[in-house]
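# Structural description and commentary
Listed below, chain by chain, are the residues.
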Amino acid sequence: MIDEPFASGSSFLHRADPRAKLTAAAALSCILAVSPSPAAPALALLAGLVCLAWAGLPKHSGRALWRRLLAVNGFVAFLWVFLPFSTPGETAAILGPFTATRQGLALAVLVTLKTNAIMCLFLALIATSDAASLGQAMHRLRVAPKLVFLFLFTYRFIHVIGDEQRRLFIAAKLRGFTPRTSLHTYKTLASLLAMVLVGAMRRADMTRQAMLLRCFHGSFGTLRSFRLGRGEYAFLTAAAFFAICLSALEVLHV
Amino acid sequence: MSDAPLLALRHIRYAYPLAQRPVLDGVDFALAPGERVGLFGPNGCGKTTLLSVMMGLLPATGGEVLFQGRPAHTEAEFFALRRGVGFLLQHADDQILFPTVLDDVAFGPLNLGLKPAEAACEAREALAFVGLQGFEDRLTHRLSGGEKKLVTLAGVLAMHPKALLLDEPTASLDPDTRHRLVHILEHLDAAVLTVSHDWDFLNLVSNDFYTIEGGKLVREAAAELHWHAHAHPHPEQPH
């Protein structure tokens, strides 16, 4: 269900301390998210593509990469349907009864650039670490322990819950269930989903017990020792410099 | 605490909320260090409930649990009990908490306050003890059912328990893993209380046998069980 197609590799971005990558990705995303003009996001998109190439993702897992980007841009496509026509401003084009505005188009371009830039940066920086290391790195960066648990447990149990759901659906199929547009179908689906939910709650209870049994007392140790080496410092310096450039571009409204 | 039993139950009662009658109705039991006890009985007779009450996961409605002669009532007292008593749940998936094997096995040692390097060392040793060398970096959701069982066992053994409670340990294990489990238990110093329907297995790993009848723990003669186990070559079939 969550396979990690990008996490295996030998590039610097795969080997680097995930704390450095998390910090860089989070800082750059925040700066990009508030950008009012397209110059900074465009530059960041370029940087994101360079990072993707650096991590060797297009070569080793090209299909998975394009699928991810396509999925995100599916949402962006919806924005292109609505934004140009719903933003007030100067008329740019008229399509039947609808008027597209210059401001609306600019906004759509801006959102597209931001989304893809952040997505590329995340794919290159975050997706190149496995979930377990990311969780531990978040813990080291003093992210709230509950959030870290939520993240790690989601990763651990989503397969289990997914399996449970599949088993229930197979069981339904074996007894002749074919989904149709009918009340019976809706009732069955609702019931199956409810069973999945009940199963998940039971599982949560059992997990709590299993943690108590192994003397869990609220705080959370970790085995991994991360090390910030020369490469990480160079990377962080470059990321900081890039972040300052982006901020400057945004402040100057280029 | 010279001759106090490791783990003891005194007049334990437990009733589920809204239940007509208690599942456990005055259970007395003592587990001495190194002892091997088997517990069997029909579904729903209270075997798993008994183990849960023993570990403080369910609060007894009457009676008390004693660990090394000291009664355990509060969560802190049960914490001390859980340091010394390991409980292997029936479903391995309920007990594996982390995406990678080593992280999961080291969870207990880390909770006991070990440093990461020591915890990793304990975890590696426990994995080697159950025959899972080289599994350290494997992803837990990709393991087979038998491997998951052994990982959970390693997770419990990494805490060096003085007693081990096993709830249906052989349910859905293949003969090979089942055999490995018997072998592992033979080489263990800890006292073991096994709950199982698997007569052959129970007979291999236990010296004393109990069952629950009418909410009470009843001792069964070992010889009778021997005869019984041999009388049915297919122990998984109901009799």
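What you see is a predicted model, and the numbers here were worked out from it, not measured in a lab. (Residues numbered from 1 in each chain as written. Chains lettered and ligands numbered in written order. Predicted model: local features only at pLDDT ≥ 70, side-chain atom pairs only at ≥ 80, totals over all residues.)

### Focus: the sheet that holds strand β9 (residues 208-213) of chain B
Residues and elements named next belong to chain B. Ordered in space as β6-β7-β8-β3-β9-β10, the six strands form an open sheet in which the pairing is mixed. Here the strands that pair on one side only, and so sit at the sheet edges, are β6 (85-88) and β10 (216-220). Across this sheet, the average inter-strand angle for adjacent strands is 20°, counted without regard to direction. Bridge analysis of strand β7 (residues 163-167) against strand β8 (residues 191-195) gives five bridges, and the strand direction is parallel. Considered in β8, the bridge of A163 is made with A191. (Pairing = 2+ DSSP bridges. Helix = DSSP H or I, 4+ residues; strand = E, 2+ residues; numbered from the N terminus. Axes fitted to C-alpha atoms, helices over the stretch in contact; angles between N-to-C directions.)

### Quick word on the nonpolar core
What tends to happen in soluble globular proteins is that the nonpolar side chains get buried as a cluster. If you look at the biggest cluster of nonpolar residues, it comprises 118 residues, and the most contacted ones within it are L121(A), A124(A), V105(B), A106(B), A154(B) and L165(B). In this view, V105(B) contacts A123(B), A126(B), L127(B), V151(B), A154(B), G155(B) and A158(B); residues no more than four positions away in its chain are not counted. (Core = buried A, V, L, I, M, F, W, Y, C linked by C-beta atoms within 7 Å. Buried ≥ 20, exposed ≤ 12 C-beta atoms within 10 Å, placed from the backbone. Contact = placed C-beta atoms within 7 Å.)

### Quick look at the packing of helix α2 (residues 18-33) of chain A against helix α7 (residues 131-140) of chain A
Residues and elements named next belong to chain A. Between α2 and α7, the shortest axis-to-axis distance is 9 Å and the interhelical angle comes to 75°. The angle between the axes of α2 and α7 places the two elements in the roughly perpendicular class. Touching P18, R19 and L22 of α2 are S133, L134, A137, M138 and R140, all from α7. Grouping the amino acids of the contact of α2 with α7 by side-chain chemistry returns five nonpolar, one polar and two charged. (Parallel < 35°, antiparallel > 145°, perpendicular 65-115°, else oblique. Nonpolar A, V, L, I, M, F, W, Y, C, P; charged D, E, K, R; others polar.)

### Some details on the domain arrangement of chain A
Taken domain by domain, chain A holds domain 1 (12-129 + 226-251) and domain 2 (144-213). Its C-alpha centre places domain 1 of chain A at a distance of 34 Å from the equivalent point of domain 2 of chain A. (Domains from an automatic or database assignment.)

### Let's talk about unusual backbone geometry
Residue and element names in this part refer to chain B. For Q68, which is not glycine, the phi dihedral falls at a positive 50°. In this fold, Q68 is placed in the loop between β4 (62-67) and β5 (70-72). The class of Q68 is partly exposed, set by 16 C-beta atoms lying within 10 Å. In this structure, S172 takes a positive phi of about 55° despite not being glycine. Among the secondary structure elements, S172 is positioned in the loop between β7 and α7 (175-186). Take S172: there are 12 C-beta atoms within 10 Å of it, and that puts it in the exposed class.

### Describing the pairing of strand β2 (residues 98-101) of chain A
Residues and elements named next belong to chain A. Across four bridges, the pairing between strand β1 (residues 91-95) and β2 is antiparallel. If you follow A93 over to β2, its bridge partner there is A100. Between β1 and β2, which pair antiparallel and follow one another directly, the connecting turn spans two residues, one of which, G96, has a positive phi of 55°.

### What to know about the interface of chain B and chain A
If you look at the interface, chain B gives 28 residues, while chain A gives 23 residues. Mapped onto the side of chain B that touches chain A, the elements with two or more residues apiece are α2 (75-84), α3 (92-95), α4 (101-111) and α5 (116-129) of chain B. Residue contributions to the side of chain B that touches chain A peak at seven residues, all from α4(B). A class-by-class count of the residues in the side of chain B that touches chain A yields 17 nonpolar, six polar and five charged.

### Describing α4(B)
Each α-helix winds once per 3.6 residues, and so residues spaced three or four apart point in a common direction. Buried residues dominate α4(B), accounting for eleven of its eleven residues. Those residues of α4(B) that sit buried are V101(B), L102(B), D103(B), D104(B), V105(B), A106(B), F107(B), G108(B), P109(B), L110(B) and N111(B). Tucked inside the fold, the buried residues of α4(B) contact α7 of chain A together with α5 and α6 (145-157) of chain B. Once α4(B) ends, the next one or two residues include G113(B), with phi positive near 95°.

### Brief notes about the sheet that holds β4(B)
Residues and elements named next belong to chain B. Spatially, four strands are ordered β2-β1-β4-β5 in an open sheet, and the strand pairing comes out antiparallel. Either end of the sheet is taken by a strand with one partner, and the two such strands are β2 (24-31) and β5. The sheet shows a mean angle of 25° between the axes of neighbouring strands, direction not considered. Relative to β5, β4 runs antiparallel, the two being bridged by three bridges. Bridged to F67 within β5 is R70. Lying on the sheet, helix α1 (residues 47-54) is in contact with β1 (7-14), β2 and β4; it crosses β1 at an angle near 120°.

### As for the pairing of β9(B)
Residue and element names in this part refer to chain B. Relative to β9, strand β3 (residues 36-40) is paired through four bridges, and the arrangement is parallel. Paired with V37 across the strands is D208, a residue of β9. Bridging between β9 and β10 involves five bridges; their strand directions are antiparallel. Across the sheet, T211 pairs through a bridge with V218, a residue of β10. If you look at the hairpin formed by β9 and β10, you'll find two residues sitting between the two strands, and G214 has a positive phi there, around 55°.

### As for α2(B)
If you check which residues of α2(B) are buried, you get F78(B), L81(B) and R82(B). Across the axial projection of α2(B), the buried residues extend over an arc of 100°, all falling on one side. Where α2(B) is buried, its residues meet α9 (183-213) of chain A together with β4, β5 and β6 of chain B. (Arc of directions from axis to C-beta.)

### Some points on the environment of V53(B)
All names here are of chain B. Within the element layout of this structure, V53 appears in helix α1. The class of V53 is buried, set by 23 C-beta atoms lying within 10 Å. Along the sequence, V53 and L9 sit 44 residues apart, while their C-alpha atoms lie 9.4 Å from each other.

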